[in-house]
Amino acid sequence: MIFARRCLCFLSLLSGVCAVQQAAAQDVRLAQPYANGLVLNPAMAGLTAIRTLTVGTRNQAPETGQNFLTGVICGDARITRWRGAVGGTISYDRAGTAPLNRMQATALYAYHTRLSARWSASGAISAGVGFQNGNLSRYVFGDQLQPDGSTIETAETVNSLPVTYPTVGAGIVVFAEQTWLGLAVHHANAPKLGSGAAAGQLARRFVVHGGYKFYLRSALSLNRFYEFSLTPLATVQLQGPARGIDAGFSLTYSPIVFGALYRNPLLLSGARDQRWLVLQLGLRRPGFGLGYSYELGMGSQTAGFSAHEITLRLDQPDFSGLAKKRNAPKQAAFLGTPAF
């Protein structure tokens, strides 16, 4: 029974990463969305610092022995004369021991503007290319399993790899100093993964996210900003048959950041109960941040499984009073989203 449950968990996680043989593949959902803000929404470029560079890694379901590894690199830079920011992301997913791999690189541009004395907006477009490869012949499909434990040939078509695909996306964030609401669509072109009858599709991923930061205490001393704040936040992601929501809070007491999220996939098909509790701990110093998150399975399929995520963030903060400069009515301010 334990082996069967682990196989079910592995198969459901596999479908969540890159189900090449199904009609709609899906992206990995990161546990530190604002540390990897460009993966969440390209319109986040340039909103948290003048320049940022983020490197993250994720290890999901190591207990199965066929864990999923994800690596992400994000970078962006605000360019005042362009009234916006440029950026890019590189991501790599490895699923199982076969392995089944996907690498994707995107470039983006975000335009910033002031809507009023309090509100600003950022709109962005992104474009990139992805590459997916693997050896599906090393997987055992359901139609191969026999009652006596032996296996037979599969009826599945496993010759649709490797494949290269284009991807485009867009996003918008409307925000004030302490609150924000963002919308984004990734893989807006719904790229095909392969050709012919065996081709799958990378489904469009829609993201709605927002939050509000309550400053319990804050101070600016020697160009260092100290804060004690509580930020309730939520993210809804829709991709193909998957419907997921992350809801929780981030507590910052400089330089420590602690967060907790309840993750409910709300899958309409392909899995039963896969709820997770996400705990986050981070260290934020001027120009530097380090975060760790631990996911604990709480559902009938995820109980006993975990996921670990580590993120290193380098940035160049701005304390020069940008909003008071001559171009303040048009140049957007900075947004104080939690990094981890």
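Quick caveat, the model's predicted, so the values are computed rather than measured.

Colleague: Would you take a moment to explain the overall build of the protein chain for this structure?
Modeller: From N to C terminus, the protein chain includes two helices and 17 strands. Across the 340 residues in the protein chain, those meeting the buried criterion constitute 46%.

Colleague: Sorry if this is basic, but what is going on with the packing of aromatic side chains here?
Modeller: Geometry of an aromatic ring pair is reported as the spacing of the ring centres plus the angle between the planes. Counted according to the given criterion, the structure contains four aromatic pairs. Both rings, one in Tyr34 and one in Trp180, keep their centres 5.4 Å apart while their planes meet at 80°; by these two values the pair is edge-to-face. Taken together, the residues Tyr34 in the loop between helix H1 (2–18) and helix H2 (37–40) and Trp180 in strand S7 (residues 179–186) connect sequence positions 146 residues apart. Classification of Trp180 by relative accessible area gives buried; the value is 3%.

Colleague: Can you walk me through the pairing of strand S16 (residues 288–297) in this structure?
Modeller: Walk down a regular strand and you will see the side chains alternate between the two sheet faces. Burial of S16 is one-sided: the residues Gly289, Gly291, Ser293, Glu295 and Gly297 facing one way are buried, the residues Phe288, Leu290, Tyr292, Tyr294 and Leu296 facing the other way are not. Bridge count for strand S15 (residues 276–285) against S16 is ten bridges, and the pairing is antiparallel. The residue of S16 that forms the bridge with Val278 is Glu295. Counted along the chain from S15 to the antiparallel partner S16, the turn is two residues long, and its residue Gly287 has a positive phi close to 80°. Here nine bridges tie S16 to strand S17 (residues 306–316), and the two strands are oriented antiparallel to one another. Note on S17: the bridge partner recorded for Tyr294 is His308.

Colleague: Sorry, what's going on with the side chain of His112 here?
Modeller: Here His112 lies in strand S4 (residues 100–114). Under the relative-accessibility criterion, His112 is labelled buried at 0%. Here the side chain of His112 touches Ala45 through a polar contact of 2.9 Å, landing on its backbone oxygen.

Colleague: Where do I start with the pairing of S15 in this structure?
Modeller: The pairing of strand S14 (residues 256–264) with S15 spans eight bridges and is antiparallel. Its bridge partner being in S15, Tyr262 is matched across the sheet by Leu277.

Colleague: How should I be thinking about the pattern of salt bridges in this particular structure?
Modeller: Should the charged atoms of two oppositely charged side chains come close, the side chains can pair. In total, this model carries ten salt bridges according to the counting rule given. A salt bridge links Arg29 to Asp246, with the nearest nitrogen and oxygen atoms 2.5 Å apart. With a gap of 217 residues between them, Arg29 in the loop between H1 and H2 and Asp246 in strand S13 (residues 242–253) connect regions that are remote in the sequence. Here the residues in one salt-bridge network are Arg29, Arg58, Asp246, Arg263, Glu295 and Glu309, joined through shared partners.

Colleague: Would you mind going over the environment of Leu202 with me for this structure?
Modeller: Of note, Leu202 is situated in the loop between strand S9 (200–201) and strand S10 (205–212). Judged by relative accessible area, which is 0%, Leu202 ranks as buried. With 35 residues separating them along the chain, Leu202 and Thr167 place their C-alpha atoms 9.2 Å apart.

Colleague: I would appreciate a short explanation of the environment of Ala247 in the present structure.
Modeller: By the element assignment, Ala247 lies in strand S13. Residue Ala247 is classed as partly exposed on the basis of its relative accessible area, which comes to 33%. On a C-alpha basis, the gap between Ala247 and Asn264 in space is 8.7 Å, while along the polypeptide they are 17 residues apart. In this view, Ala247 contacts Leu233, Ala234, Ala260, Leu261 and Tyr262; residues no more than four positions away in its chain are not counted.

Colleague: Before we go on, may I ask you to explain the environment of Gln280 in this structure?
Modeller: If you trace the backbone, Gln280 turns up in strand S15. Sequence separation between Gln280 and Gln32 is 248 residues; the distance between their C-alpha atoms is 7.8 Å. A polar atom in the side chain of Gln280 sits 2.6 Å from the backbone oxygen of Ala31.

Colleague: Would you explain unusual backbone geometry in this entry?
Modeller: Most peptide bonds take the trans configuration, and most residues that are not glycine carry a negative phi. Put simply, Ser254 and Pro255 share a cis peptide bond, and its omega is 5°. Relative to the assigned elements, Pro255 resides in the loop between S13 and S14. A positive phi angle, close to 55°, is found at His187, a residue other than glycine. Tracing the sequence through the fold places His187 in the loop between S7 and strand S8 (192–193). On the accessibility criterion, His187 (2% relative accessible area) is buried.

Procedures and definitions
Residues numbered from 1 in each chain as written. Predicted model: local features only at pLDDT ≥ 70, side-chain atom pairs only at ≥ 80, totals over all residues. Heavy atoms only, no water. Helix = DSSP H or I, 4+ residues; strand = E, 2+ residues; numbered from the N terminus. Buried < 20%, exposed > 50% of the residue type's maximum accessible area, 1.4 Å probe, protein only. Phe/Tyr/Trp six-rings, centres within 6.5 Å; stacked < 30°, edge-to-face > 60°. Pairing = 2+ DSSP bridges. Polar contact = N/O pair within 3.5 Å; in protein donor to acceptor, adjacent residues only side chain to side chain. Salt bridge = Lys/Arg side-chain N within 4 Å of Asp/Glu carboxyl O. Contact = heavy atoms within 4.5 Å.

None of this, on its own, says anything about what the molecule does.
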